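# Structural characterization, general
Below are the chains, spelled out letter by letter.
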Amino acid sequence: MLDDEVRRIQDALETALNRECTGEVSFTSEKEGDTHVISIRRKPAGEPVWYAGETGLYVDWKEKFAREEKEIYPPFQEGDQVKVTGFIEPDRQGLYRIHVDADGRIADNFFVGEVLSPDPLQGHVGMPLEVILKVGQERKQNYRISDIWNYDAQLLAIVAAPPINPDPRTLDAIPAGKRAIIDGKFMGYSKSLQDKFLESLGFPDGSSFGGHSSVGRVVTLTVHLPDGKTQERTVNNPPQGFNDTTITGKIETAEGTVYDILMPNGRVTFTGGVLENLERKKSPMPGDHVRIAPMKLKTGILRLYSSEPCYLVQPSTERLDAYNALRHRTEEDITSLFQRVDNAGYAEARTAIGTLRSHDLTAEELRIIRDVIALLPEKERPVQVPQSESNPEGERTFWTKAIDEAYQVTLESMTKDEFTAFAARAVSGDLHKIGKDADTSYLFGLARDFGISKETQEYLMTTCIDTRLPKVRGIPWRQVAFDDKYNLDQSLKYLAGIGTESAANRIFALVRDFEENGDYHKEGWRDHRDTTPEDLLYAAVSAIRSVMSRMPKEVLKREEPYLIQLQGRLSQDAEAAFTVRDISGIIHYIQNDFKWD
């Protein structure tokens, strides 16, 4: 019966996805324990077809799938001419980045460093365009996301652009799955069913909830308030669709035409515009002149997801006044900051730096603050988010903001010693969150980003383990507080990945400890409805398996005999199957000269 149900689900998914996607979608299913896993794979549509154009022979971007099937990497080579449909975005290292839009899925990036004069792309920034590109060299980066390739490129020709402000009566002429450009004044949003539901419960405008738990018709909500705090509320028999976030945004063109744009996952956020700092989850407000690129659905509706193209052409008077006021205040604060440093008021300077860094700063303002920090004696400098490939200006990260909000602190006003003292208390559970909830283990990653020594990072992780481990031993896993359970798991992962010999020795000592104390699959330690065990031995072994390429090879080689013995002792235990699987992977890696195939 269960196999029949899996097949019905698979058939329904296949029908739905093949209807919406270009190319064939295929499925396979297999059993992992008691669970059926359905794997989805998308195949390219047909054989690649080369076309003759004014610039010479070119191939559609979807040719990449066929080349990857033949294990050609990168899929496009220098000199290839490729037809690409993508969003035109500014590139901080050049002129433009063309970000591929394939049926609404984000894919490859092509970086254009030079264009002819007059600039043919200037009026299309933030919007989709169909172009012919000549591929240059692959742009090497420190990391690459999955199947997303990055290339330098030369613009050869603009093939097509979406219609701008099409007559609403002729929307049917736009093929389903294609985009239109709507350019005009933003008028506001309708309220979603979730907005109306929370309003009926007395929550202020701007409140939301991402999920809920229910027992029968009794629903428990964790509501996020506009000030960053949360409240729990239990509701009996909520109305149907109470968690629906779908809203409608209205835009009026210069000619007076009003478009209703369906936004299924809430308010759209800016992807760029004439002001800096718009890419930080800011949303259009009434009076903003915007340019968006919604997709035409089969039903004739224009749909825009929250992260899809939205470009600020001209800010509203309210937005521009607030922006200019912040620039003026920031200029005064930076002048005062220099004076504090000159007078050796380092603690005051750090406080001021932390406050400034919490504002929406321009690239130039961020650069000046970095210059000020360099003037402080090293022991007096505050920790700060570094500049990186993915964060070239060194802006505050999500992790930094989340910890600041949760513990009501300002991390970037702390010295390294102050940060270490705070982090040790937080990860051990001695400090309680008083603001919006956040993942305490972010502090491990922040310690690395802030340039904290590996020895001190190890101290933070072992502090977390040493203080939380006694709380969970001998207690059924289901009764262990999630905060303790999760932070132990994260501590093990970060500890295994530090890369020092002492950290590697400690993680293997913990594996031995967990085995000897029976800290695995004992009664109540895992939920038998789940396929993945939740126990300390599995967590430690899994941590090693996930980061073994960063661990000292001499430690792994030394521990190989123990791992083989441990594998043998657990191999007859069905409950330890996942742990045995990861042990096998580690042994395979060691025995193949530290190469994974």
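As a starting point, this report considers the structure included with it. All values reported here derive from a predicted model rather than from experimental measurement.

### Focus on the overall build of the chain
- In terms of helices and strands, the chain carries 15 helices and 20 strands.
- A buried classification covers 45% of the 597 residues belonging to the chain.
- By sequence separation, contacts in the chain at least 24 residues apart represent 60% of the contacts at least 6 residues apart.
- For the chain, the exposed surface amounts to about 30700 Å²; the carbon and sulfur share of it is 49%.

### Quick look at the packing of aromatic side chains
- In total, this model carries 15 aromatic pairs according to the counting rule given.
- Summarising the aromatic geometry, the rings of Trp61 and Phe65 are spaced 5.5 Å apart at their centres and angled 80° between planes, so their arrangement reads as edge-to-face. One exposure class covers both Trp61 and Phe65, and it is buried.
- Measuring from centroid to centroid gives 5.2 Å for Phe419 and Phe450, while their planes differ by 85°, and the two rings are edge-to-face. Residue Phe419 is located in helix H8 (residues 416–427), and its partner Phe450 is located in the loop between helix H9 (442–449) and helix H10 (454–472); the two are separated by 31 residues in the primary sequence. The burial state of Phe419 is the same as that of Phe450; both residues are buried.
- In textbook terms, an aromatic cluster arises when at least three aromatic residues are bridged by ring pairs, as seen for Phe76, Phe110 and Tyr151.

### Re helix H5 (residues 346–357)
- An ideal rise of 1.5 Å per residue puts 16 Å on 12 residues; H5 measures up with 16 Å between its terminal C-alpha atoms.
- In this fold, the buried residues of H5 make contact with helix H4 (317–342), helix H6 (363–375) and H8.

### Section: the side chain of Ser192
- Tracing the chain through its elements places Ser192 in the loop between strand E10 (182–189) and helix H3 (193–200).
- Setting aside residues up to four positions removed in sequence, Ser192 forms contacts with Asp244, Thr245, Thr246 and Ile247.

### Digging into unusual backbone geometry
- Between Tyr73 and Pro74 the backbone carries a cis peptide bond, its omega angle lying at -10°.
- Tracing the backbone through its elements, the reader meets Pro74 in the loop between helix H2 (63–69) and strand E5 (81–90).
- Between Ser117 and Pro118 the backbone carries a cis peptide bond, its omega angle lying at 0°.
- With respect to the helices and strands, Pro118 occurs in the loop between strand E7 (105–112) and strand E8 (128–138).
- Its identity is not glycine, yet Gln408 carries a phi of approximately 55°, on the positive side.
- If you trace the backbone, Gln408 turns up in the loop between helix H7 (398–407) and H8.
- For Asp593, which is not glycine, the phi torsion reads 55° and is therefore positive.
- Of the residues examined, Asp593 reaches a relative accessible area of 59% and is grouped as exposed.

### As for the sheet that holds strand E13 (residues 230–236)
- Spatially, the 3 strands line up as an open sheet ordered E11-E12-E13, and their pairing is antiparallel. On the outer flanks of this sheet lie strand E11 (212–215) and E13, each paired with one strand and no other. Going across the sheet, the axis of each strand differs from the next one's by a mean of 20°, ignoring polarity.
- Pairing geometry for E11 and strand E12 (residues 218–224), over 4 bridges, is antiparallel. Paired with His212 across the two strands is Leu221, which belongs to E12.

### As for the nonpolar core
- Formed by 67 residues in total, the largest nonpolar core has its most connected members in Phe419, Leu443, Leu492, Ile507 and Leu556.
- Per-element accounting of this core gives the leading share, 8 residues, to helix H13 (residues 536–547).
- With residues near it in sequence (within four places) discarded, Leu443 still touches Ile403, Phe419, Phe422, Ala423, Ala426 and Val427.
- Counting 28 residues, the second-largest nonpolar core is a separate cluster that includes Phe76, Phe110, Leu133 and Ala153.

### Here we look at the environment of Ala52
- Tracing the sequence through the fold places Ala52 in strand E3 (residues 50–53).
- With a relative accessible area of 71%, Ala52 lands in the exposed category.
- Those residues in contact with Ala52 that lie beyond four places of it in its chain are Leu57 and Tyr58.

### Quick word on the pattern of salt bridges
- Using the criterion set out here, one finds 40 salt bridges in the structure.
- Salt bridges sharing common partners tie together Lys433, Asp437, Arg468, Lys471, Asp483 and Asp484.

### Remarks on the side chain of Thr579
- With respect to the secondary-structure elements, Thr579 resides in helix H15 (residues 577–591).
- Dropping the residues within four chain positions of it, Thr579 is found in contact with Leu537, Tyr538, Val541 and Leu570.

### Observations regarding helix H11 (residues 482–497)
- In this model, H11 (16 residues) spans 23 Å end to end at C-alpha, consistent with the 22 Å of a helix rising 1.5 Å per residue.
- Residues Asp484, Lys485, Asn487, Leu488, Gln490, Ser491, Leu492, Tyr494, Leu495, Ala496 and Gly497 constitute the buried set of H11.
- The elements touched by buried residues of H11 are H7, H9, H10, helix H12 (501–516) and H13.
- Immediately beyond the C-terminal end of H11, within one or two residues, lies Gly499, with a positive phi of roughly 95°.

### Focus: the pairing of strand E17 (residues 289–292)
- As paired elements, E10 and E17 share 4 bridges and run antiparallel to each other. Residue pairing for E17: Lys185 is matched across the bridge by His289.
- When E17 meets strand E20 (residues 310–314), the two strands line up antiparallel, connected through 4 bridges. Bridge pairing links Ile292 to Cys310 in E20.

### Focus on the packing of H10 against H12
- Where H10 meets H12, the axes come as close as 11 Å, and the angle between the chain directions of the two elements is 15°. Judged by the angle between their axes, H10 and H12 are roughly parallel. Seen from above, H10 lies across H12 with left-handed handedness. On the side of H10, the interface is formed by Glu458, Thr462, Ile465, Asp466 and Leu469, while H12 contributes Ser502, Ala503, Arg506, Leu510, Asp513 and Phe514.
- Class assignment for the residues of the contact of H10 with H12 results in 5 nonpolar, 2 polar and 4 charged.

### Considerations on the packing of H8 against H9
- For the pair H8 and H9, interaxial distance at closest approach is 10 Å and the crossing angle is 160°. Judged by the angle between their axes, H8 and H9 are roughly antiparallel. The two elements H8 and H9 meet at a crossing, and its hand is left-handed. The segment H8 lies against H9, with Phe419, Phe422, Ala423, Ala426 and Val427 engaging Leu443, Phe444, Leu446 and Ala447.
- For the contact of H8 with H9, a count of residues per class yields 9 nonpolar, no polar and no charged.

What counts as what
- Residues numbered from 1 in each chain as written.
- Predicted model: local features only at pLDDT ≥ 70, side-chain atom pairs only at ≥ 80, totals over all residues.
- Heavy atoms only, no water.
- Helix = DSSP H or I, 4+ residues; strand = E, 2+ residues; numbered from the N terminus.
- Buried < 20%, exposed > 50% of the residue type's maximum accessible area, 1.4 Å probe, protein only.
- Contact = heavy atoms within 4.5 Å.
- Areas by Shrake-Rupley, 256 points an atom, 1.4 Å probe, with all protein chains shown as cover.
- Phe/Tyr/Trp six-rings, centres within 6.5 Å; stacked < 30°, edge-to-face > 60°.
- Expected span 1.5 Å × (residues − 1).
- Pairing = 2+ DSSP bridges.
- Axes fitted to C-alpha atoms, helices over the stretch in contact; angles between N-to-C directions.
- Core = buried A, V, L, I, M, F, W, Y, C linked by side-chain atoms within 4.5 Å.
- Salt bridge = Lys/Arg side-chain N within 4 Å of Asp/Glu carboxyl O.
- Parallel < 35°, antiparallel > 145°, perpendicular 65-115°, else oblique.
- Left-handed = near helix turned anticlockwise from the far one by under 90°.
- Nonpolar A, V, L, I, M, F, W, Y, C, P; charged D, E, K, R; others polar.

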